[in-house]
Amino acid sequence: MFLFETIRILDGEFFNLDQHQLRMNRSRQILFNDNKEISLQSSLDNIEYPQIGLFKCKIIYNENGINSITFEKYIKRNIKKLMLVSGGSIDYSHKYLDRSAIDLLCKDNQEGDVIIIKDGLITDSSFSNLAFYDGKKWVTPRKPLLKGTQANRLISLGILKEIDIQPSDLESYRSIKLINAM
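Draft legend 1. Region of interest: the overall build of the protein chain. Looking only at helices and strands, the protein chain features 4 helices and 11 strands. Scaling as 2.2 N^0.38, a compact globule of 182 residues should have a C-alpha radius of gyration of about 16 Å, and the protein chain matches this with 17 Å. Dimensions along the principal axes, computed over C-alpha positions, put the protein chain at roughly 50 × 35 × 35 Å. Split into buried and exposed, the 182 residues of the protein chain put 42% on the buried side. Pairs at least 24 apart in sequence give 62% of the contacts found in the protein chain among residues at least 6 apart.

Quick look at the structure:
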């Protein structure tokens, strides 16, 4: 089983590395019963990486440690529409490299993305956590499929508040943002 982290790198600076580190080591402990921490900073210090521009750093790992680190110029997705879909019993509690279950949910919406509903509640989009604005405050689903590093940071700063959001609540929001590491 392989997992991955996607880290924003802008002009040679890695963002939110501590949150990625936490999630990676937590996943390794839960899934592989491995308490040995891997230092992302040390791993990144030992390789060449882009110094100019916005890039996506993808780190693939498993129970044996880091398997690969790659960099790709970041191109923002152009989302034209969001579609509500039932996630059924989908489990994406860790950032698994195998995203086939999530990809299957997106098959009917090639122009956009999906908002996944599980147990009657809004969770995530296929590649981002969600934030909703009601005109006064920003909120995010209390039970996302995967707690993202950027969402975690915004929650800890008090910018986002976690609440249960049902599909029928969507009409009460003025704006929606897709938030991820990028």
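Draft legend 2. Region of the structure containing the pattern of salt bridges. For the coordinates displayed, the defined rule picks out 5 salt bridges. Ionic pairing is found between aspartate 134 and lysine 137, a salt bridge with its closest N-O pair at 2.8 Å. Note that glutamate 162 is salt-bridged to lysine 147, the shortest N-O span being 2.5 Å. Within this pair, whereas glutamate 162 is found in strand β10 (residues 160-163), its partner lysine 147 is found in the loop between β9 (138-141) and α4 (149-156), the two being separated by 15 residues in sequence. Here glutamate 162 falls in the partly exposed class, since its relative accessible area comes to 24%.

Draft legend 3. The arrangement of the sheet that holds strand β4 (residues 65-73) in detail. Strand order in the open sheet formed by 4 strands is β2-β1-β3-β4, and the pairing between neighbours is antiparallel. Here the strands that pair on one side only, and so sit at the sheet edges, are β2 (13-14) and β4. Across 8 bridges, strand β1 (residues 3-10) lies against strand β3 (residues 54-62) in antiparallel orientation. Across the sheet, residue glutamate 5 finds its bridge partner in β3, namely isoleucine 59.

Draft legend 4. Spatial organisation of the nonpolar core. Ranked by internal contacts, the top residues of the largest apolar core, which has 27 residues, are Ile7, Phe14 and Tyr92. The element contributing the most residues to this core is β3, with 5 residues. Here phenylalanine 14 is in contact with Ile7, Arg8, Ile9, Leu44, Tyr49, Cys57 and Phe71, once residues within four sequence places are set aside. Among the nonpolar cores identified, the runner-up in size contains 9 residues, and Leu130, Val139, Ile163 and Ile165 belong to it.

Draft legend 5. Structural view of the pairing of β9. In this structure, strand β8 (residues 129-133) lies alongside β9, joined through 2 bridges in antiparallel fashion. Residue pairing in the sheet places tyrosine 133 in a bridge with tryptophan 138 of β9. Hairpin connection between β8 and β9: a loop of 4 residues separates the two successive antiparallel strands, and glycine 135 in this loop has a positive phi of roughly 105 degrees. Looking at chain direction, β9 and β10 are connected through 4 bridges and run parallel.

Draft legend 6. Structural detail: helix α1 (residues 17-32). Taking 1.5 Å of rise per residue, 16 residues should cover 22 Å, and α1 covers 22 Å from first to last C-alpha, within 8% of that figure. If you check which residues of α1 are buried, you get Leu17, Gln19, His20, Gln21, Arg23, Met24, Asn25, Ser27, Arg28 and Phe32. The inward-facing, buried residues of α1 abut β1, β2, α2 (40-45), β3, β4 and α4. At the exit of α1 stands asparagine 33, carrying a positive phi of roughly 55 degrees.

Draft legend 7. Region of interest: the sheet that holds β8. Judged by pairing direction, the sheet is mixed, and its 4 strands sit side by side in the order β10-β9-β8-β11 without closing on themselves. Edge positions in the sheet fall to β10 and β11 (175-179), since each of these pairs with one other strand and no more. Neighbouring strand axes in the sheet, compared pairwise and without regard to direction, differ in orientation by 35 degrees on average. Where β8 and β11 come together, 5 bridges link them in antiparallel fashion. Residue pairing in the sheet places alanine 131 in a bridge with lysine 177 of β11. Relative to β10, α4 is tilted by about 105 degrees, and along the sheet it contacts β8, β9, β10 and β11.

Reading the values: the criteria
For every chain, the first residue of the written sequence is number 1, and numbering continues from 1 along that sequence. Predicted model: local features are reported for residues with pLDDT of at least 70 only, side-chain atom pairs are reported and counted for 80 or more only, and whole-chain, interface and lining totals are derived from all residues. Side-chain numbers come from the whole structure's heavy atoms, not from hydrogens or water. The way it works is that DSSP assigns letters per residue, a run of H or I at least four long becomes a helix, a run of E at least two long becomes a strand, and they are numbered from the N terminus. In this setup the radius of gyration rests on C-alpha atoms only. A globule is expected at 2.2 Å times the number of residues raised to 0.38. Throughout this description, buried means an accessible area under 20% of the type-specific maximum (1.4 Å probe, protein chains only), exposed means over 50%, and partly exposed covers the range between. The contact criterion used throughout is that any non-hydrogen atoms of two residues lie within 4.5 Å. Any Lys or Arg side-chain nitrogen located within 4 Å of an Asp or Glu carboxyl oxygen qualifies as a salt bridge. Two strands form a pair only when DSSP identifies at least two bridges running between them. The nonpolar core is taken to be a set of buried Ala, Val, Leu, Ile, Met, Phe, Trp, Tyr and Cys residues, with the residues joined through side-chain atoms within 4.5 Å. Helix span, as expected, comes to 1.5 Å for every residue beyond the first. Every angle, taken between N-to-C directions, lies between 0 and 180 degrees, and every axis is a line fitted to C-alpha atoms, over only the stretch in contact when it is a helix.

In short, shape yes, function no, at least from these values alone.
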